[in-house]
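Chain and residue survey
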Number of protein chains: 4
Amino acid sequence: MSESIEGKLIYSFKNDYSEGAHSNILNAMMNANMDQHDGYGEDSYSKEAVEILKEKINNQNVDIHFVVGGTQANLVVISSILRPYESVIAAESGHISTHETGAIEATGHKINTVETSDGKLTPEKIKKILDEHNSEHMVKPSMVFISNSTELGTVYKKNELEKISLFCRENNLILYLDGARLGTALSSDKNDMTIEDISKLVDVFYIGGTKNGALLGEAIVISNERLKKNFRYNIKQKGALLAKGRILGIQFKELFKENLFFSLGKHANFMSLRLGEKIEKLGYDFLYETESNQIFPIFPNEIIEKLNKKYGFYLWEEVDKDTSAVRLVTSWATKEDMIDKFIEDLKSYSLSK
Amino acid sequence: MSESIEGKLIYSFKNDYSEGAHSNILNAMMNANMDQHDGYGEDSYSKEAVEILKEKINNQNVDIHFVVGGTQANLVVISSILRPYESVIAAESGHISTHETGAIEATGHKINTVETSDGKLTPEKIKKILDEHNSEHMVKPSMVFISNSTELGTVYKKNELEKISLFCRENNLILYLDGARLGTALSSDKNDMTIEDISKLVDVFYIGGTKNGALLGEAIVISNERLKKNFRYNIKQKGALLAKGRILGIQFKELFKENLFFSLGKHANFMSLRLGEKIEKLGYDFLYETESNQIFPIFPNEIIEKLNKKYGFYLWEEVDKDTSAVRLVTSWATKEDMIDKFIEDLKSYSLSK
Amino acid sequence: MSESIEGKLIYSFKNDYSEGAHSNILNAMMNANMDQHDGYGEDSYSKEAVEILKEKINNQNVDIHFVVGGTQANLVVISSILRPYESVIAAESGHISTHETGAIEATGHKINTVETSDGKLTPEKIKKILDEHNSEHMVKPSMVFISNSTELGTVYKKNELEKISLFCRENNLILYLDGARLGTALSSDKNDMTIEDISKLVDVFYIGGTKNGALLGEAIVISNERLKKNFRYNIKQKGALLAKGRILGIQFKELFKENLFFSLGKHANFMSLRLGEKIEKLGYDFLYETESNQIFPIFPNEIIEKLNKKYGFYLWEEVDKDTSAVRLVTSWATKEDMIDKFIEDLKSYSLSK
Amino acid sequence: MSESIEGKLIYSFKNDYSEGAHSNILNAMMNANMDQHDGYGEDSYSKEAVEILKEKINNQNVDIHFVVGGTQANLVVISSILRPYESVIAAESGHISTHETGAIEATGHKINTVETSDGKLTPEKIKKILDEHNSEHMVKPSMVFISNSTELGTVYKKNELEKISLFCRENNLILYLDGARLGTALSSDKNDMTIEDISKLVDVFYIGGTKNGALLGEAIVISNERLKKNFRYNIKQKGALLAKGRILGIQFKELFKENLFFSLGKHANFMSLRLGEKIEKLGYDFLYETESNQIFPIFPNEIIEKLNKKYGFYLWEEVDKDTSAVRLVTSWATKEDMIDKFIEDLKSYSLSK
């Protein structure tokens, strides 16, 4: 059942964490429930999940740690790496730049933001920040933060990431990839990378469970040798070391023991693709290209108002005085009939306009 | 099944979070799984759980927020309240003093520690710290941190808490109670307080779910009006605002809609009481009084070594060159036959000694 | 003697802290040298300086504290006021935004920056930031930082500051004015405010000694009642409470016992005005209007190169491929013959071009 | 003149920063006053002072930076070195432990304190802390803080420091020495070390100017190669990079170009030695041994009360109900006739008792 049972909405496209978890995950948690295990990620499920992930990543030289959420992953990783005077470069649309209540600054670090049209960084944009910071009177940018897929739904191509990676290595910058939506990124039609590629091109990244079918949980993957030491201390200090760490282990085991993680991402993308195509056919434009499970169609305000009575979504941006872009997010749990209903309503509002 | 399936142990008395969750909780999560809900604690389950809790606490003038873990609760609460130069007073055995990897200091605040024999603070001990801090060259102690039950298994009596509460109000100190084990504290034979009493005697406290039958989750309860404002900002900034906040709401609803929370605590205590009595009968002493679900018997080292091959527990403290205290923790999930097995083995090792 | 004795430069226009201190100040320090005084600002000189300042400000309801430097003043004030999740709004050109090595972020707070053409904030620009920050997923902007004179040499008019002040009060924002160059601001031809006006329009500001004839030292003036409490704790904690606080007291007494502070500011402005007029007569443009002791003329790059062999100054900004703006700063210590020499050389390079 | 001109005291033994600066220093500042110099420690005086110091230390492999005060030096050094989860070990009497308003915790780090009878650490005391901290649930002690002379006036012997140094190196601990009173330590009769020894036995230390004849200023000396990188960023971020850095350079040049620093220390010690001997002759005991310029005689309370009307000093500690220890500090500026006066009065109060 959806929130409609509360008489409100037919379906919510607000985000990809509106439902619980994939049934495999809940079942596995049920089955393991009365086992006794060591706490804090030292249980056998977590250890098994780490091994499975290393195999999927095809890279034994990584350290993997599970934490509860994305903001937590970002603040633990970033604060663990930077010296006090060092800063992190991110897109203005980056999650850490705007939607984490100053979590990074709260650990003492400035974010140097970069304007982008598509949420993606480039070596040129990074270089500009470096060039502007040239003395001890300014912070020292030492890390680059990117998201894949981005907060605007776009996806990095392999050669784009390679260029950034090369630039970072040449300039002694740590490259960190926020993979809150890595599942849809790697399952996108636009994608030409494997998770192994990512593990080799970045110093550290995280694989998002919360937005791809888990109840909660993100897996931090550290490739860079010098970032590995004592990492669990950082997790514990920031309150991110879950007592019953087994919960995270069980979930990641389920997501990766076969290919559930990727098939859930593929489903979410497919729903957006379908939704997007149908919206386009009705003659509407988009703010950004549809590349993963977030789409940003532009509708007349009066239609938005009507849709909003039946469907949940965020108003994204005013385009002109009569039209605005909205954000529609599909997920592993979105059913095709909800797409169809939305389109049906949109069509009828469009005609009656 | 216990870890014994891995050929290691019959049962672990290491802590009260070795198993998953009470079956009511898992079932409720299953049932709610495909509902759509708003994120970040704005779902109807969380709202319902808040109402249920307010009723149980019999106090409508509290704000309630759910977070994932205890260290997180402590760091969010403490950092949200103190001005930069203010410190918190705690027992040396307090969780924040030693077992949170400097989480409180990482938010900028000193902990003024106090030696105790039983893990409990008193007005006299608090006053001593205040007296020592009398100028701007020292931190300004502005908050008192207590745990109930304490990290040594002891439980506050109502008149003890009343005295501390009065002293704090007279001295303009915020009183914060860490209730990671509030379930066993309030279900203890020694206890003479209700949760309502607590909500009226302290400014803020948290109710521990993780150690009392939940998968994860703690409920922060704020009584003091001036601590309420904008509290969700603090939660979000520290990475403690769970995307699928529904998970926390569902669990606290289950724990409190009837009296599951208290009956689980009672069970845990009863197991410890039973275990303690039988150990005592075998002629062993204890480091601290048995008041809740943690007991600290003193055994000869050679017996400890033997027990440790079959049972999980922490070595707590050397008593003399031949004997040590160990910590045995029982929980909502401990079955009586495990107590019996432990006692049987202890008896046999004691005889053969 | 200038650095020219090292064979390098005739004169440096790099900044307004290239020389030592006005002779009155050094003499007063000499005379007081062997007096014994209490440390940490509790000496009679500091107390006297506070009384003199209150009289000059014509406002007895202020608290005044002396610290050593501007970055220190900024970080002490800002971190003492904001709750952990609160941010400060500043111009992109603001000192805290770029030239303090992340000092504000190091105390845990984000700076929301605003683009400006002249270094000045307006209610409209502030409102835009407020409008964008509307939930606990973002920081809460709670303070406004302005500089007078600004980092671009411009000066606030009374009605501009009144509008900002009114907007801040209506929106519950603390208004803080960085007066590192308040001496030249209040002595500018463009200025129509008194220091009393400032103390009534802002919640807290500081009066810069370092850039206006003192060896070192800034006076923080707090008008807002609720910011006053325990302020010395913040100063001490950040390492800003000088042991021999008398040094700061003596200097501010000298600067304000008559009108030395203002006459030094006037002199610095006059030198810039004169320098600017002569540059303008030679046909050159300016990046910003000349309003105080910093001017930003635009020269051909080849002339800049020549000037730079004889005079110290900062290259400010590329204007086009052939020309750039430079920053020339005059001070209380700049002598007119140095202006003349500079103009002479500029004229000769301009002719030979 | 002393504070007596205000009708209060004949002389203050409260601390060693009651007067201004040695006349050589003031004269040098006068002479250099109208020179133009680059800011922020890049002036020729600071550079010269660094070279002079390196020679005195007889160690070219050190980096030297000047900051304004001791708390500042401590917080800049400690926060620049430790990872977020790392702590610093210090004596309970250590300056950072109690008298810096939580400055170290404000940068995010716990201080592990050690009880001592004489203010000095030993490998055994340090080891005990290491042994207690053995998992990621606790901070990781990574630095040792010692003061020489200590806050109790005692002085490290070379073999004591060698043992600590060796232990630190074997245990991968950074050793930091707070030399706020290094001048009196190295000039003490008990001392058998050179400043060169210190630079080789510790990783980083600071040489205190404020308490040994300078107006203000401490010189941080870094021996450990890996602590040197980008250190100026840390100084700037914490507000400790003085704009007119020349002031610090001039002073350290004067203190070290010959042996002023050491002769001032010797004088201060000599005054304490003399004062102590005469007090002892009058039959009084001491709380700690007299080893440098702080002494802690034990007097009857009624005599303390009388003395306090004529002389400034701190009441240190109650010894029993009738007697207390006081702290008397002599300095570079203490004249012998003040010692004589004090003794004369003490003698007369003692007789009349």
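Residues numbered from 1 in each chain as written. Chains lettered and ligands numbered in written order. Predicted model: local features only at pLDDT ≥ 70, side-chain atom pairs only at ≥ 80, totals over all residues. Heavy atoms only, no water.

The name recorded for chain A in an unreviewed UniProt entry is L-threonine aldolase, from Ilyobacter polytropus. For the record of chain A, the UniProt heading Cofactor (unreviewed entry) holds the text "pyridoxal 5'-phosphate". As its UniProt record puts it under Sequence similarities (unreviewed entry), chain A is described as follows: "Belongs to the threonine aldolase family." (UniProt positions renumbered as here; feature names shortened; annotations may be inferred.)

Our next topic: the interface of chain D and chain C. Taken together, the contact between chain D and chain C spans 53 residues of the former and 54 residues of the latter. Summed over both partners, the interface of chain D with chain C comes to about 4,800 Å²; 54% of that surface belongs to carbon and sulfur atoms. The interface formed by chain D and chain C holds 2 salt bridges in total. C:Lys14 is the salt-bridge partner of D:Asp38, the closest N and O atoms lying 3.7 Å from each other. Counting the contacts that link chain D with chain C gives 29 residue pairs in polar contact (both at pLDDT 80 or more). Where the side of chain D that touches chain C is concerned, the elements lending two or more residues are strand S1 (11-12), helix H1 (23-31), helix H2 (44-57), helix H3 (70-81), helix H5 (103-106), helix H10 (231-237) and helix H11 (246-257) of chain D. Element by element, the count of residues in the side of chain D that touches chain C is highest for H1(D), at 4 residues. In terms of residue class, the side of chain D that touches chain C is built from 23 nonpolar, 19 polar and 11 charged. (Contact = heavy atoms within 4.5 Å. Buried area = accessible area lost by both parts, 1.4 Å probe. Salt bridge = Lys/Arg side-chain N within 4 Å of Asp/Glu carboxyl O. Polar contact = N/O pair within 3.5 Å; in protein donor to acceptor, adjacent residues only side chain to side chain. Helix = DSSP H or I, 4+ residues; strand = E, 2+ residues; numbered from the N terminus. Nonpolar A, V, L, I, M, F, W, Y, C, P; charged D, E, K, R; others polar.)

Once that is clear, we can look at the domain arrangement of chain A. All names here are of chain A. For chain A, the assigned domains read domain 1 (3-16 + 261-352) and domain 2 (23-257). The gap between the C-alpha centroids of domain 1 and domain 2 is 28 Å. Opposite the 20 residues of domain 1 that make contact, domain 2 presents 26 residues. Contact between domain 1 and domain 2 buries roughly 2,000 Å² in total, counting both sides, with carbon and sulfur atoms accounting for 54%. When the buried surface of domain 1 facing domain 2 is broken down by residue, Phe261, Phe262 and Glu291 rank first, second and third, together holding 39% of it. For the pair domain 1 and domain 2, the interface holds 2 salt bridges. The salt bridge partner of Lys190 is Glu289, with a shortest N-O separation of 3.7 Å. (Domains from an automatic or database assignment.)

Before going further, it helps to spend a moment on the interface of chain A and chain B. At the interface, 53 residues of chain A touch 53 residues of chain B. Between chain A and chain B the total buried area reaches about 4,800 Å² when both faces are included, carbon and sulfur atoms providing 54% of it. Applying the counting criterion to the chain A and chain B interface returns 2 salt bridges. Applying the counting criterion to the chain A and chain B interface returns 29 residue pairs in polar contact (both at pLDDT 80 or more). Broken down by secondary-structure element, the contributors of at least two residues to the side of chain A that touches chain B are strand S1 (11-12), helix H1 (23-32), helix H2 (44-57), helix H3 (70-81), helix H5 (103-106), helix H10 (231-237) and helix H11 (246-257) of chain A. Considering every element that reaches the side of chain A that touches chain B, the biggest residue donor is H1(A), with 4 residues. A breakdown of the residues in the side of chain A that touches chain B according to their chemical character gives 23 nonpolar, 19 polar and 11 charged.

The next thing to look at is empty space enclosed by the protein. Space left empty within the atom packing is revealed by a probe, the size of a water molecule, rolled over the atoms. Evaluated as defined, the whole model comprises 11 cavities of 30 Å³ or more. Size it by volume and the largest cavity reaches roughly 1,000 Å³. Put simply, the parts of the chain that give the lining of the largest cavity at least two residues each are H3 and H5 of chain A, helix H3 (70-81) and helix H5 (103-106) of chain B, helix H3 (70-81) and helix H5 (103-106) of chain C together with H3 and H5 of chain D. Grouping the amino acids of the lining of the largest cavity by side-chain chemistry returns 20 nonpolar, 20 polar and 8 charged. Lining the second largest cavity are 20 residues, and of these A:Gly69, A:Gly70, A:Thr71, B:Tyr40 and B:Ala243 sit closest to its centre. In terms of residue count, the dominant contributor to the lining of the second largest cavity is H3(A) (3 residues). Per-class residue counts for the lining of the second largest cavity are 9 nonpolar, 7 polar and 4 charged. (1 Å grid on protein atoms, 1.4 Å probe; cavity = no way out; pocket = protein on both sides within 12 Å on 5 of 7 lines; lining within 4 Å. Points joined across faces, edges and corners; volume = space filled by probe spheres on them.)

Attention now goes to the pairing of strand S2 (residues 63-67) of chain D. Residue and element names in this part refer to chain D. Counted residue by residue, S2 has 4 buried out of 5 residues, so it is predominantly covered. For S2 and strand S8 (residues 218-222), the ladder comprises 5 bridges, and the chain directions are antiparallel. Looking across to S8, one finds that Ile64 is bridged to Val221. (Buried < 20%, exposed > 50% of the residue type's maximum accessible area, 1.4 Å probe, protein only. Pairing = 2+ DSSP bridges.)

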